[in-house]
Amino acid sequence: MISVINFVEVENRVVCATYRNLMIKARVVLVDKTSGTQLPDPVTTIASPVPVGSLRIRLTDHVRPGTYFLVALNGHGSYLAKSAEFEVP
């Protein structure tokens, strides 16, 4: 089963994305493209038993302008999927 996370938009410091084949307890994290580091906050955990849906991630004040992407990790922290890159103004 191939997992997918699709970036939709950033508006008013809220990232919107859709996902497919992410199971319950999967985590979606924000990664800084320049440094490659995973930001400790915000992290979204999939709580729905349905493997298809959408999510909204409110960016905290410490997320600086730059290029980022989303990464989905399973409950054990292993890589599942990566979104397209996007700019945070």
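Everything numeric here is computed off the predicted structure, so don't read it as measured data.

Cut-offs and rules
- One numbering rule holds for all chains: residues counted from 1, following each sequence as written.
- Local features are withheld for residues below a pLDDT of 70 in this predicted model, meaning they are given only at 70 or higher, and side-chain atom pairs are given and counted only at 80 or more; totals for whole chains, interfaces and linings count all residues.
- Side-chain calculation: all heavy atoms of the structure are included, whereas hydrogens and water are not.
- Counting from the N terminus, the helices are DSSP H or I runs at least four residues long and the strands are E runs at least two residues long.
- The reference for a compact globule is 2.2 Å times residues^0.38; the radius of gyration itself is calculated from the C-alpha atoms.
- Exposure categories follow from relative accessible area, calculated using a 1.4 Å probe and restricted to protein chains: below 20% of the type maximum is buried, above 50% is exposed, and the middle band is partly exposed.
- Contacts are assigned to residue pairs with any non-hydrogen atoms lying within 4.5 Å of each other.
- By the criterion applied in these results, polar contacts are pairs of N or O atoms within 3.5 Å in which, for protein atoms, one can donate a hydrogen and the other can accept it, and in which residues neighboring in sequence qualify only through two side-chain atoms.
- Pairing between two strands requires that DSSP report at least two bridges joining them.

Q: Teacher, can you tell me more about the overall build of the chain here?
A: The number of helices and strands found in the chain is zero helices and eight strands. Scanning the chain from its N terminus toward the C terminus, one meets helices and strands in the order β-β-β-β-β-β-β-β. Expected size for 89 residues packed as a compact globule is a radius of gyration near 12 Å; at 12 Å, the chain falls within 12% of this value. The dimensions of the chain, computed from C-alpha atoms along their principal axes, are 35 × 25 × 20 Å. Every one of the 89 residues in the chain was classed for burial, and the buried ones make up 38%. In the chain, the proportion of contacts linking residues at least 24 apart, taken out of those at least 6 apart, comes to 51%.

Q: I would appreciate a short explanation of the side chain of Ser3 in the present structure.
A: Counting through the fold element by element, Ser3 comes out in the segment before strand E1 (4–11). Among the residues examined, Ser3 registers a relative accessible area of 13% and is labelled buried. Separated by 2.7 Å, the side chain of Ser3 and the backbone oxygen of Asn21 make a polar contact. Not counting residues within four places of it along the chain, the set of residues in contact with Ser3 comprises Arg20, Asn21, Leu22, Leu80 and Ala81.

Q: I would appreciate a short explanation of the pairing of strand E2 (residues 14–20) in the present structure.
A: The side chains of a regular strand alternate, residue by residue, between the two faces of the sheet. Burial analysis of E2 places five of its seven residues in the buried class, which makes it a mostly covered element. With seven bridges joining them, E1 and E2 adopt antiparallel strand pairing. Each bridged residue has a counterpart across the sheet, and for Val4 the counterpart in E2 is Arg20. As consecutive antiparallel partners, E1 and E2 are separated by two residues, and within that stretch Asn12 has a phi angle of approximately 55 degrees, a positive value. As judged from the seven bridges shared by E2 and strand E5 (residues 52–58), these two strands associate in the antiparallel manner. When the bridges of E5 are listed, Ala17 appears paired with Leu55.

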